[in-house]
Amino acid sequence: MESLVKQTSGTVPSQNFDGSWERAHRNITAAACIGLLIIGVLYMYTQTFITIILVFINSSGELRAFKSGNFIERFSHTTELLKNPLRYSVFISQFLFMFLPTLWIVKRWHTVHILSYVRISRISFLELVIAVAAAICFIPVSGGISNFFMKQLNVPDFLARINTQIFTSYSLQELLWLVVVVCITPALCEELLFRGYFQRTLERTLGMKSLFIAGIIFGLYHMQPLNLISLALLGCMIGYFFYRSKSLLPGIAVHFVNNLLAVLSLYKKSDGNVVFETFDFEITFLGGVVALVFMGGLLFIYQLITQKNFE
Amino acid sequence: MNPPLLPLTLGDIFEKTFSLIGKTFFRNLLISAVILLFPIILMAIATDAFYSSLADMQGSILHSRNEPGLDMILAILGPLTFFGCTTIIFALGVLLAEIAISIIVSQEILSNPITFFDALHEAFSMKCLYGIGQGILKYLILIGGVVIVGIVIAILAAVSKVLMGLISIICLLALVPVLIYVAIKWYFALTSVAVDDLTIIESLRNSWYLVEGHWWRTFGILILLYILSNFFIYIISLPITFGSMWDFYKEYFTILQKTGGNIDPQSVVQLEKSVGPGIAIGSGISALLSLMITPVFTVVMYYDLRARGNVGATSKQQPMIKQDTSSEPIDLSNL
């Protein structure tokens, strides 16, 4: 039997793969893909179901009552009503139907040593800082890519604004709740699934290619065609940190910071003006190139400081 | 003659399907592309023509504020017929591709891999006619059941409306499970034609007996596999469909930008004209992706059911396939 120690370059204690999938000597790539699909279906369907129930409980009367106004007004009102149920359903379903099933699949199919398998292991503070700094450099680039497609498609500003309503907060209390729902929850749950399970399992057969596959699938899973490229690139970058560091922590930190900056940029005063104007990352083409160069430099440094994991 | 096979667990079915998709992917893609390229182009033209004439009709109605006249209905009848014909051609193409892919997958399971050209050659034989025949017969019987129930309801409606309502509900409640039951029992008819070269009636009988005693298991696994594969197809085809409808969305957002949400119904009607090709391309891509997965798990399940029938089949349940029990059983886990 393969041992975890062989798989993780000596970063975890020697453990055997004793899950049902491993015992049957089945295809490991198949396990990664099927596991991801099962959890994806489970999460998507239950999230929709929970949202419908919450909308029905909270605001079905309001939804029915609001029939006047043009398309924009109705869309804006519906989004406003869906905002809270969606936040609750994301929070509940990510933990119950993404986080827990991932742990269950690892335990059932692969090994009882779940934390070792998904690579919950310590890394140096420097590795963490460089990963986060690279992610910050990437944010204006990803924003630029998304904006490019939005402009090409002539998406009206008011429509884009309505779409960001779910991430917008108007009080400190709401901001903190959003940090929990939009920053902490996906950073833990999505990273555990996409990197801790999917990429980790693919890596056993495909090596470095796994980070690109996991990154692209990460982009596709969000079902946002306009953000597909930027999300896939972000996924690849997080995958790179996971692959090089042999730890899930940089990915969690990067995902958290990426979402946190988005949430902070949409923290508004009661008059509608943003509180932290510094987090508005709309930049020029030249600025984007400079950010990319910085990011490349940081990734190179990351490559050097994580070389020890490959010796 | 085929040697007997070993039954599979759910995990085995998942894994074998995945492995076989990987092993046969390019051949299957080539087959699907060769067979479906022309129908997809044809369907895109037909969908475009249909939506354009539909938009013209809606535009005239909006303009004159009258009910659609006979001339309007006749004007849309041509594109509608063309659309219907291309849809049938497309469905036949999908069926042919399914036969060819099933042959490839089956030969792969039997450790006798064949080229896509051989599979195509085999598919364009009597198998093609039997496949179409079983499909037509199957759906005629299923639809026939619905029609008979409809006639009964119509007769009752003439007698009493209360009675009609009551009977309609009872009939619907009874009909849906029956249709599902029969559809599952005949699910492997096309695979029987492709893999075992059976005729129309033989394939339906074979599928019926194969599922005998394993109906709930087959139903559950099929539902699960369909949900998983459709989810995969959806996430892959979403950006492709979005891209193919780029011009439509761009125009829509431009109108939205200009009007601030107060869209003129005439503009929406004009927009409809550009939606056709995008829908056809999206449907085509989804069908192509579906063909990469569905026939594969169907063949895997077919062999699994054959193995199960082999273990405990009574003479009544014995499938049509005659198996050579003197040979070593094929263990699909070796794939």
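Cut-offs applied
- Just so you know, the residues in each chain are numbered from 1, in the order the chain's sequence is written.
- Chains carry letters from A onward and ligands carry numbers from 1 onward, assigned in written order.
- In view of the model being predicted, local features appear only for residues whose pLDDT reaches at least 70, and side-chain atom pairs are presented and counted only at 80 or more, with totals across whole chains, interfaces and linings using the full set of residues.
- Counting from the N terminus, the helices are DSSP H or I runs at least four residues long and the strands are E runs at least two residues long.
- Here a residue counts as buried when 20 or more other C-beta atoms sit within 10 Å of its C-beta, as exposed when there are 12 or fewer, and as partly exposed otherwise, the C-beta atoms being derived from the backbone.
- Each residue is represented by a C-beta atom placed from its backbone, and any two residues with such atoms within 7 Å are regarded as in contact.
- In these notes, a nonpolar core means any group of buried Ala, Val, Leu, Ile, Met, Phe, Trp, Tyr and Cys residues linked to one another through C-beta atoms within 7 Å.
- Values of pLDDT, which run from 0 to 100, indicate the predictor's confidence residue by residue.
- Take the residue count of a helix, subtract one, and multiply by 1.5 Å to get its expected span.
- At any given residue, the bend is defined as the angle formed between two axes, one fitted to the seven residues that end at that position and one fitted to the seven that begin there.
- In this description, a line fitted to the C-alpha atoms serves as the axis of each element, helices being fitted only across the stretch in contact, and the angle between N-to-C directions of two axes falls anywhere from 0 to 180 degrees.
- Here the word oblique covers every angle except those under 35 degrees (roughly parallel), over 145 (roughly antiparallel) and from 65 to 115 (roughly perpendicular).
- Should the near helix be turned anticlockwise from the far one by less than a right angle, the crossing is termed left-handed; should it be turned clockwise, right-handed.
- Classification used: nonpolar for Ala, Val, Leu, Ile, Met, Phe, Trp, Tyr, Cys and Pro, charged for Asp, Glu, Lys and Arg, polar for all others including Gly.

### A closer look at the overall build of chain B
Thinking step 1. Per the secondary structure count, chain B includes 11 helices and 0 strands.
Thinking step 2. For chain B, the α and β elements follow one another from N to C terminus as α-α-α-α-α-α-α-α-α-α-α.
Thinking step 3. Considering chain B as a whole, with its 335 residues, one finds that 33% of them fall into the buried category.
Thinking step 4. Sequence-distant contacts in chain B: of pairs separated by 6 or more residues, those separated by 24 or more amount to 81%.

### Re the overall build of chain A
Thinking step 1. Within chain A one finds 12 helices and 0 strands.
Thinking step 2. Burial statistics for chain A: of 311 residues in total, 37% are counted as buried.
Thinking step 3. A separation threshold of at least 6 residues defines the contact pool for chain A, and within that pool the share at least 24 residues apart is 76%.

### Some words on the interface of chain B and chain A
Thinking step 1. Contact residues are listed per partner, giving 24 residues for chain B and 26 residues for chain A.
Thinking step 2. No other element matches the 9 residues that helix H8 (residues 215–244) of chain B contributes to the side of chain B that touches chain A.

### Looking at unusual backbone geometry
Thinking step 1. With a phi close to 65°, Arg119(A) is a non-glycine residue in the positive phi region.
Thinking step 2. Mapping Arg119(A) onto the fold places it in the loop between helix H5 (114–117) and helix H6 (125–152).
Thinking step 3. C-beta crowding within 10 Å serves as the criterion here: with 24 such atoms nearby, Arg119(A) is assigned to the buried category.
Thinking step 4. Positive phi is not limited to glycine here, since Ser111(B) has a value of about 55°.
Thinking step 5. The residue Ser111(B) is located in the loop between helix H2 (70–109) and helix H3 (116–123) in this model.

### A few points about the nonpolar core
Thinking step 1. In terms of nonpolar packing, the biggest core is built from 66 residues, with Ala131(A), Ala134(A), Phe138(A), Leu193(A), Phe198(A), Ala214(A) and Met237(A) touching the most fellow members.
Thinking step 2. Per element, the largest residue contribution to this core is 12 residues, and it comes from helix H8 (residues 172–206) of chain A.
Thinking step 3. Residues within four places of Leu193(A) in sequence aside, it is in contact with Leu36(A), Ile39(A), Met98(A), Thr102(A) and Phe198(A).
Thinking step 4. Judged by nonpolar contacts, the second largest core, of 64 residues, contains Ala97(B), Ile101(B), Ile103(B) and Ala287(B).

### Observations regarding the confidence of the model for chain A
Thinking step 1. Taken as a whole, chain A shows an average pLDDT of 86; of its residues, 88% reach a score of 70 or greater.
Thinking step 2. This model gives residues 1–14 of chain A a pLDDT under 50, and the stretch forms 29 contacts once residues within four places in sequence are excluded.

### Remarks on the environment of Leu179(B)
Thinking step 1. Within the fold, Leu179(B) resides in helix H5 (residues 161–185).
Thinking step 2. Other than its neighbours up to four places away in sequence, Leu179(B) contacts Leu142(B) and Gly145(B).

### Notes on the environment of Phe90(B)
Residue and element names in this part refer to chain B.
Thinking step 1. Mapping Phe90 onto the fold places it in helix H2.
Thinking step 2. In sequence terms Phe90 and Ile143 are 53 residues apart; their C-alpha atoms lie 20 Å from each other.
Thinking step 3. Beyond its immediate sequence surroundings of up to four residues, Phe90 is in contact with Pro39 and Met43.

### Describing H8(B)
Residue and element names in this part refer to chain B.
Thinking step 1. Relative to the 44 Å expected for 30 residues at 1.5 Å per residue, H8 spans 40 Å between its end C-alpha atoms, a close match to the ideal helical length.
Thinking step 2. Along its length, H8 shows its largest kink, about 35°, at Ser237, and proline Pro239 lies within four residues downstream of that point.
Thinking step 3. Considered for burial, the residues of H8 that qualify are Thr218, Leu225, Leu228, Ser229, Phe232 and Ser237.

### Focus on the environment of Tyr51(B)
Residues and elements named next belong to chain B.
Thinking step 1. Among the structural elements, Tyr51 can be located in helix H1 (residues 10–64).
Thinking step 2. We classify Tyr51 as buried; it has 22 C-beta atoms within 10 Å.
Thinking step 3. Once residues lying within four places of it in the same chain are set aside, the contact partners of Tyr51 are Glu272, Lys273, Val275 and Gly276.

### Focus: the confidence of the model for chain B
Residues and elements named next belong to chain B.
Thinking step 1. Averaged over all residues, the pLDDT of chain B equals 84, while 90% of them reach at least 70.
Thinking step 2. Contacts of residues 310–326 to residues separated by more than four positions or lying in other chains number 31 contacts, the stretch itself having pLDDT below 50.
Thinking step 3. The ipTM value of the predicted complex is 0.87, and its pTM value is 0.85.

### Quick look at H5(B)
Thinking step 1. Spanning 25 residues, H5(B) covers 35 Å between terminal C-alpha atoms, matching the ideal 36 Å at 1.5 Å per step.
Thinking step 2. Taking burial as the measure, the 25 residues of H5(B) include 0 buried ones, a minor fraction of the element.

### Description of the packing of H2(B) against helix H6 (residues 189–196) of chain B
All names here are of chain B.
Thinking step 1. For the pair H2 and H6, interaxial distance at closest approach is 8 Å and the crossing angle is 60°. Comparing their axes, H6 and H2 come out oblique. Pair H2 / H6 crosses with right-handed handedness. Mapping the contact onto sequence places Glu98, Ile99, Ser102, Ile103 and Ser106 in H2 and Leu190, Thr191, Val193, Ala194 and Val195 in H6.
Thinking step 2. Of the residues assigned to the contact of H2 with H6, the class counts are 6 nonpolar, 3 polar and 1 charged.

### Structural notes on the packing of H2(B) against H3(B)
Residue and element names in this part refer to chain B.
Thinking step 1. It is at 9 Å that the axes of H2 and H3 come closest, and there the two elements cross at 125°. Relative to H3, the element H2 is oriented oblique. Note that H2 runs across H3; the crossing there is right-handed. Two secondary-structure elements touch here, H2 through Leu96, Ile99, Ala100, Ile103 and Ile104 and H3 through Ala119, Leu120, Glu122 and Ala123.
Thinking step 2. Each residue belonging to the contact of H2 with H3 can be placed in one class, and the counts come to 8 nonpolar, no polar and 1 charged.

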